[in-house]
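Examining the three-dimensional arrangement
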Amino acid sequence: MGVEEQAIHSGIEIGIYSLADLCPDPHTGQSVNAQQRMKEIIQAAKLADEAGLDIFGVGEHHRLDYAVSAPPVVLAAIAQITERIKLTSTTTVLSTVDPVRLFEDFATLDLISNGRAEIIAGRGAFIESFPLFGYDTNDYDALFSEHMDLFLKLNHDEIVTWNGQFRSLLRNADIAPRPVQKQLPLWVGVGGTVESAARAGRLGVGMAIAMLGGDPMRFMPLVEAYREAGVQAGHNLENLKLGVTGHAYISETTQQAKREFYPYYSNYWSHVNRQRGMAFRMTQADFEHMASPDTALFVGSPQQIVEKILRQYELFGHKRFIAQMDIGGLPFHKVASGIELLATKVAPIVRKETSK
């Protein structure tokens, strides 16, 4: 079934993504290895597809404490055991990937999946890919701009002539294969800078906001900058697709969800901050504040999650919500339970309300 035939519901799209961190379980101190983590990610995608979620994503890291460095390879494996769910990177580090290789990999994924491939391109949380692939971090912004410019050209034209600063020129180059879709859907992942949001708007691509906590209202300037820049550049407002991504944990009650998730979430942030050379321990009080009803951390009962998504929808009018549910060493059976609750208790209500 191709993407065009998939519109089995109206309302916003709901899905999940994984960054494939290899955190040890805070209760046991044991960590799954990369092979087991990969199996679990593929199984999570299968569960999400069977449960009727709309999209599944995997992120790119080049570190020994993460299991996925090649999203299109993992997504191609997932494509073989799923039927309907869209498959995306979350995110591709655009500054340090060759745009031609990126397009060809995801066009191949699109053929394998019968038109389900997408890309969320971003800058990434770490910089290890720069020395790994021979790039200079001083060229951070220029690389992103040039690679985006070339990718958009590759996505539009079968034969490309192009010249830039950082890679060899292309002269009447065949760009193959071509995807099932007319063009690969491209989103830009944005964390907190208004200029990044405005650039996504000017380019007319989708924007996925990483909303990892705090008051959702603080992201409103990004949304406004994105839409304003897009309209000024001549793009149709309806085509400026907005997505929200965030951390989530769902249980039968909100108190149960917070009690179960705190050790893993605290563990996750300790792990991430150690990687960045920062000492930070999240207290129970910190977590209670972060998980309060008015924040962007999606922890609670299905009803609490519904209310948070709908509150943000009233603010932003976004088209898509994607939750990261497998962080901090969380055992797979808890991830699977969260997927089921998201698909059966949250998604139907959110879709109904947002289709009105």
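Residues numbered from 1 in each chain as written. Predicted model: local features only at pLDDT ≥ 70, side-chain atom pairs only at ≥ 80, totals over all residues. Heavy atoms only, no water.

1. Some details on unusual backbone geometry
- Residues Thr90 and Thr91 are joined by a peptide bond in cis, for which omega reads 10°.
- Tracing the chain through its elements places Thr91 in strand 3 (residues 86-93).
- In this structure, Pro177 follows Ala176 across a cis peptide bond, with omega equal to 0°.
- Of note, Pro177 is situated in the loop between strand 6 (170-174) and strand 7 (186-190). (Helix = DSSP H or I, 4+ residues; strand = E, 2+ residues; numbered from the N terminus.)

2. Considerations on the packing of aromatic side chains
- Overall, the coordinates contain twelve aromatic pairs when judged by the stated rule.
- Seen from their ring centres, Phe130 and Tyr140 are 5.4 Å apart, and the 10° between their planes marks the pair as stacked. Of this pair, Phe130 sits in helix 4 (residues 129-132) while Tyr140 sits in helix 5 (residues 140-156); the two residues are ten residues apart in sequence, bridging distant segments of the chain.
- Overall, the relative accessible area of 0% leaves Phe130 in the buried class.
- The exposure class assigned to Tyr140 is partly exposed, which follows from its relative accessible area of 23%.
- If you follow Arg63 out to its NZ or CZ, it ends over the ring of Phe126, 4.5 Å from the centre.
- Cation over ring: Arg123 sits above Phe144, and NZ or CZ is 4.9 Å from the ring centre. (Phe/Tyr/Trp six-rings, centres within 6.5 Å; stacked < 30°, edge-to-face > 60°. Buried < 20%, exposed > 50% of the residue type's maximum accessible area, 1.4 Å probe, protein only. Lys NZ or Arg CZ within 6 Å of the ring centre and 35° of its normal.)

3. Some points on the side chain of Glu146
- When you line up the elements, Glu146 lands in helix 5.
- No salt bridge is formed by the buried Glu146; the nearest opposite charge belongs to Arg167, separated by 6.9 Å.
- Dropping the residues within four chain positions of it, Glu146 is found in contact with Trp162, Gly164, Gln165, Phe166 and Arg167. (Lys, Arg positive; Asp, Glu negative; His and termini not counted. Salt bridge = Lys/Arg side-chain N within 4 Å of Asp/Glu carboxyl O. Contact = heavy atoms within 4.5 Å.)

4. A word on the pairing of strand 11 (residues 320-324)
- When you tally the buried positions in strand 11, you get five out of five residues, the bulk of the element.
- Here strand 1 (residues 13-18) pairs with strand 11 via five bridges, running parallel. Directly across from Glu13, in strand 11, lies its bridge partner Arg320.
- The sheet contact formed by strand 9 (residues 242-250) and strand 11 spans five bridges and is parallel. Counterpart to Gly246 in the pairing with strand 11 is Ala323. (Pairing = 2+ DSSP bridges.)

5. Remarks on the packing of helix 10 (residues 302-316) against helix 11 (residues 332-354)
- Remark: helix 10 packs on helix 11, axes separated minimally by 9 Å, with the N-to-C direction vectors making an angle of 35°. Along this stretch, helix 10 crosses helix 11, giving a crossing that reads as right-handed. From helix 10, Pro302, Ile305, Val306, Ile309, Leu310 and Tyr313 reach across to helix 11, where they touch Leu341, Lys345, Val346, Ile349, Val350, Glu353 and Thr354. (Axes fitted to C-alpha atoms, helices over the stretch in contact; angles between N-to-C directions. Left-handed = near helix turned anticlockwise from the far one by under 90°.)

6. Observations concerning the pairing of strand 9
- Counted residue by residue, strand 9 has nine buried out of nine residues, so it is predominantly covered.
- Of the two faces of strand 9, the one lined by Leu242, Val244, Gly246, Ala248 and Ile250 and the one lined by Gly243, Thr245, His247 and Tyr249 are each fully buried.
- Pairing between strand 8 (residues 206-210) and strand 9: four bridges, direction parallel. By the bridge assignment, Ala208 is partnered in strand 9 with Gly243.
- In this structure, strand 9 lies alongside strand 10 (residues 298-300), joined through three bridges in parallel fashion. If you follow Ala248 over to strand 10, its bridge partner there is Phe298.

7. Quick word on helix 11
- At Val346, helix 11 shows its largest bend, some 45°, and a proline, Pro348, comes one to four positions later.
- On the buried face of helix 11, the contacting elements are strand 1, helix 1 (34-51), strand 9 and helix 10. (Bend = angle between axes of the 7 residues up to and from the residue.)

8. As for the environment of Thr92
- For Thr92, the location among the structural elements is in strand 3.
- In contact with Thr92, other than residues within four places in its own chain, are Glu60, Val97, Leu102, Phe106, Ile119, Ile120, Ala121 and Gly122.

9. With respect to the pattern of salt bridges
- If you walk through the whole model with that rule in mind, you get 19 salt bridges.
- The residue Glu13 makes a salt bridge to Lys86 at a minimum N-O spacing of 2.6 Å. Linking Glu13 in strand 1 with Lys86 in strand 3, this pair joins segments that are 73 residues apart in sequence. Considered together, Glu13 and Lys86 belong to a single accessibility category, that of buried residues.
- One salt-bridge network, held together by shared partners, links Glu13, Lys86, Glu118 and Arg320.

Note that every value here comes from positions in space, so none of it alone points to a role or purpose.
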